[in-house]
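Residues per chain, in single letters:
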Amino acid sequence: MEAYTGFAEVYDTFMDDVPYEAWGGYLAGVLREEKIEDGLVCELGCGTGKITRFLAARGYDMIGIDASEEMLCAARAQDCEHILYLEQDMREFELYGTVRAVISVCDSMNYMLKESDLLKVFRLVNNYLDPGGIFLFDLNTVYKFRELMGTRTFSDHRETGTLVWDNFYDEETCVNEYGLTLFIKEESGLYRRYEETHYERGYALEEIIALLEEAGMEFVRACDGDTHGPVRADSGRIYVLAREKGKKGAWRE
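All values reported here derive from a predicted model rather than from experimental measurement.

An account of the overall build of the protein is needed here, citing residue identities and associated values.
A count of helical and extended segments in the protein gives 7 helices and 11 strands. Of all 253 residues assigned to the protein, the portion counted as buried reaches 52%. When contacts within the protein are restricted to residue pairs at least 6 apart in sequence, those whose partners lie at least 24 apart make up 63%. A total accessible area of about 12,000 Å² is found for the protein, and carbon and sulfur atoms account for 48% of it.

So this is what it looks like as structure tokens:
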């Protein structure tokens, strides 16, 4: 089933524990460190647009890309910053020109289950970056999938509905599968049931660096997603920063 269909209706409700303000603040800080204080910035896997709007409110001309029509509808309904939202698969995304930076958070890159697909994304990012532009993204780690999520069931009960999350991690393929069952309360008081299955792959940092370099980009640094210090063996999420490098790996299919 296509990801984030029924879930799009209540995504922000069930994701209200995600520290979007802190994430946005970190992203904005890195952009400023890289002397990117305005201009075009593209977000891949923008979802309902929380980070897109956060950066738009800070003076960036934002483009949000997501493959889910339902998520983009939710984003557009909340948009007051005149953001350009595009319904595109990030493996095939197209822009009208280059941008100063590309960002991606909330483990969107983990949805690329094949190295060849992740390489396609990296090559396209490099292709659409301004000279010296940056690519900043996060990843869930193998440690998180194996040790923190594993084979477990989680549930979340809200006034608007209930989410049941059945998780399974395959050690051999490094693919994390999670089945979502949602019971969403309707105006009648009855509950409608939705089911979705999502897959994410864990990558070692060394694999990510090799793919970035194959795509023609320069790996700059990686850090722990919470402390922003060095990546640790028990880091659950990391940030990776890369830079456009002369379009050496630029590619269009």
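Picking up where we left off.
So what's going on with the pairing of strand β5 (residues 129-140)? Residues and values would help.
Of all 12 residues making up β5, 9 are buried, and the element is well covered by its neighbours. Summarising the sheet, strand β4 (residues 99-104) and β5 pair through 5 bridges and their orientation is parallel. Pairing of I103 across the sheet is with L136, part of β5. For the crossover that starts at β4, traverses helix α5 (residues 115-128) and ends in the parallel β5, the hand is right-handed. Relative to strand β11 (residues 237-243), β5 runs antiparallel, the two sharing 7 bridges.

Can you lay out the sheet that holds β5 for me, pointing to particular residues and giving the numbers?
The mixed open sheet is built from 7 strands, whose spatial order is β3-β2-β1-β4-β5-β11-β10. Because the sheet does not close on itself, it has two edges, and the strands there are β3 (84-87) and β10 (218-224). The sheet shows a mean angle of 15° between the axes of neighbouring strands, direction not considered. Judged from the 6 bridges that link them, β10 and β11 form a sheet pairing that is antiparallel. Opposite C223, over in β11, you have Y239 as the bridge partner.

Summarise the sheet that holds strand β6 (residues 152-158); cite the residues concerned and give the values.
Read across the open sheet, the 4 strands follow the order β6-β7-β8-β9; overall the sheet is antiparallel. A single partner strand is all that each edge strand has here, and the edge strands are β6 and β9 (191-201). In this sheet, adjacent strand axes meet at a mean angle of 15° when their direction is disregarded. By the bridge criterion, 7 bridges tie β6 to strand β7 (residues 161-170) in an arrangement that is antiparallel. Within β7, the residue paired with D156 across the bridge is L163.

Parameters and conventions
- Residues numbered from 1 in each chain as written.
- Predicted model: local features only at pLDDT ≥ 70, side-chain atom pairs only at ≥ 80, totals over all residues.
- Heavy atoms only, no water.
- Helix = DSSP H or I, 4+ residues; strand = E, 2+ residues; numbered from the N terminus.
- Buried < 20%, exposed > 50% of the residue type's maximum accessible area, 1.4 Å probe, protein only.
- Contact = heavy atoms within 4.5 Å.
- Areas by Shrake-Rupley, 256 points an atom, 1.4 Å probe, with all protein chains shown as cover.
- Pairing = 2+ DSSP bridges.
- Right-handed = clockwise from strand over helix to strand, strands pointing away.
- Axes fitted to C-alpha atoms, helices over the stretch in contact; angles between N-to-C directions.

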